[in-house]
Amino acid sequence: MKFYRLFIAAIVILAISGFGHTNTFAADKADALVNSAVKAGKTLDNMTTVGKKATGKNIPTKEYNAAVKKYKSAKSAVNKQSGKKKKANLSKLKTVNTQISRGKKYINAVSNGKKIASKKAKLDKDIKMGVINSKTLVAYSNLSKDLNKYASTFDTVYDKKTRDTVKKLYKTPAEKIKKDLNYAIIVKKAIDETSKLMKSNTSSNKLAVPYYKILLNIDSIPQQKMKQQLMKEVKKINSTIPSKLKTGKFAEYVNLEMNFERLDSYISKGKSNAKVPGLYNQLKKNITSISSKTDKARLQKRFAGIMNRQKVSIKELKGMLTKSAIAKGIPPEVVKSIAVTENGNLTQFLPNGEVFKSHDNGYGIMQVTPMSDSDKSYDWNRVKYDLSYNIQAGVEILAKKWTYAFLSSPVMPKINNGEKNLLENWYFAIMAYNGLSTKNDPNKVTKPYQLKVYENMKNRTLMNPEIVKKQDVIFTGNPVKLKTTPIKTKLKTKSTQFYKKNDRVTISASANFRTKPTTKSTRKSFPKGTKVTILGGAIEDDSPANLFTWYKVSVSGAKGTWYVASSNLK
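(A) Expanded view of the pairing of strand E8 (residues 561–565). Here E8 lies mainly inside the structure; four of its five residues are buried. Alignment of strand E7 (residues 550–555) against E8, held across five bridges, turns out to be antiparallel. The residue of E8 that forms the bridge with Trp550 is Ala565. Once E7 ends, the chain turns through five residues before running back antiparallel as E8, passing Gly557 with a positive phi of about 85°.

See the structure below:
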């Protein structure tokens, strides 16, 4: 009996010992599963965080699935634990679960972003080709739907840097292309609707609704090829409208659009047309009749945009004058000084596109004037409405006046040896540009035309040539003629606006050089005798007051490059 009791006790002890060993094994396994889940969570976190291993383009599905699987296994094992060990492991798994949740949001955002990108790619192709058609409308609609459907998923991405990266890759460019194409889409839909309604024999009132959208939006299309295509489609509509439908608001809108198209065809940089003033007045009247202030403002903006295209900047204008002068061998100082004397504001066109005309029928910048109604010296329509041609004509006239001193029977005196690059020598040619008559006789008039030109030359080109003495300007006879006795001047001031690349100049007085071709830039003074090398042609600035040019130069003994006013290169 005693032996039996001892046997039972031994069995119980062995059972208890075995149970403890099993519990220890289970705990170790749970810990191992938790550690594996933690490692998988960190891997997933790395793959879904920009700044670690995420790019905003990768989709770590494998890492996500591994983290989920290991999390579930670990969670099942830990749930069988108790006490502090269980609490500690559950805390670790909570972090893993958070990483899984964030990972899923990242994967969803990138996956949805790629869907959006594929829709955007179809529109990119159409924009590149400059084509808009029914397929474009479908692609635009699909992109809009996907943006609406998936936009919120981008905001759920954890970590600002990661979120911003994903948005920048997918949402932002998609929203931009949608916004950029908005006007083209509106117009294309309106064109298609207008065409459809016209075929259905509808009323002009119904046609007015979609056509008004065309009128308001077509000029706002930023894609030029698409805009040109749609403009052609609108012109086709305009040319096929049955006369019975040309009534009411529809007719008013069509007329307004067609006037915009006509004006657009006549206006370009430096150019207008004889028909522009009439169209200008008609459009101004038509736009005034639009009741909506917002719509009226949009049409006025379109109107102003077309008219502003004819404008030429002061910098460009001075460049045109300089180029034309040099082409004829005339000092640019002379031509530009004549231009501002003739036309103080350097105006070619009035606001309505009409040419600026003086009281004596002088036209444009150079105030080119026909001698009679039958004068065929120039294409007078071009003189009026083509700035470049106006300048060309004015410079040609001046060049012809110069020859008056060199005819077999000269009509004005030659000055010095007749060197074209000397500013003094242009006195009588400048007078002749306005008229070789007593109205320009300095002995009778306080400030005749040629003296006004030389005054502008002095003040605005900063050149100070000697003026022919008034006692040497002699009008005689009846009809009045200039005495042609040759004249000499003490000074012989060379133009400083003929320099070319690689010319070398030694300055005759100290001068300020600039870091940029403007008087507003940093300056540095160089002394008399400084040697410079011209690095390029004449450069104009945007100041209407300055008629000198700038040259980019290298300075002997100085580092870098500088800009110097032509008046300093004496």
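(B) View of the side chain of Asp126. Structurally, Asp126 is set in helix H3 (residues 83–129). Only 2.7 Å separates the side chain of Asp126 from the side chain of Thr136, close enough to count as a polar contact. When sequence neighbours within four positions are dropped, the list of residues in contact with Asp126 reads Val131, Thr136 and Met226.

(C) Just the environment of Ala109, in detail. With respect to the element layout, Ala109 can be found in helix H3. Classification of Ala109 by relative accessible area gives buried; the value is 0%. Spatially, the C-alpha atoms of Ala109 and Gly56 are 9.1 Å apart, while their sequence positions differ by 53 residues. Setting aside residues up to four positions removed in sequence, Ala109 forms contacts with Thr153, Phe154, Val157 and Val166.

(D) View of the pattern of salt bridges. Under the defined criterion, the tally for this structure stands at 19 salt bridges. The partner of Glu252 in a salt bridge is Lys249, with the nearest N and O atoms 3.6 Å apart. Placement of both Glu252 and Lys249 in helix H9 (residues 248–266) is noted, with a separation of three residues, approximately one turn of the helix. With relative accessibility at 26%, the residue Glu252 sits in the partly exposed group. For Lys249, a relative accessible area of 42% corresponds to the partly exposed category. A salt bridge links Lys318 to Asp541; the nearest nitrogen and oxygen atoms lie 2.7 Å apart.

Calculation criteria
- Residues numbered from 1 in each chain as written.
- Predicted model: local features only at pLDDT ≥ 70, side-chain atom pairs only at ≥ 80, totals over all residues.
- Heavy atoms only, no water.
- Buried < 20%, exposed > 50% of the residue type's maximum accessible area, 1.4 Å probe, protein only.
- Helix = DSSP H or I, 4+ residues; strand = E, 2+ residues; numbered from the N terminus.
- Pairing = 2+ DSSP bridges.
- Polar contact = N/O pair within 3.5 Å; in protein donor to acceptor, adjacent residues only side chain to side chain.
- Contact = heavy atoms within 4.5 Å.
- Salt bridge = Lys/Arg side-chain N within 4 Å of Asp/Glu carboxyl O.

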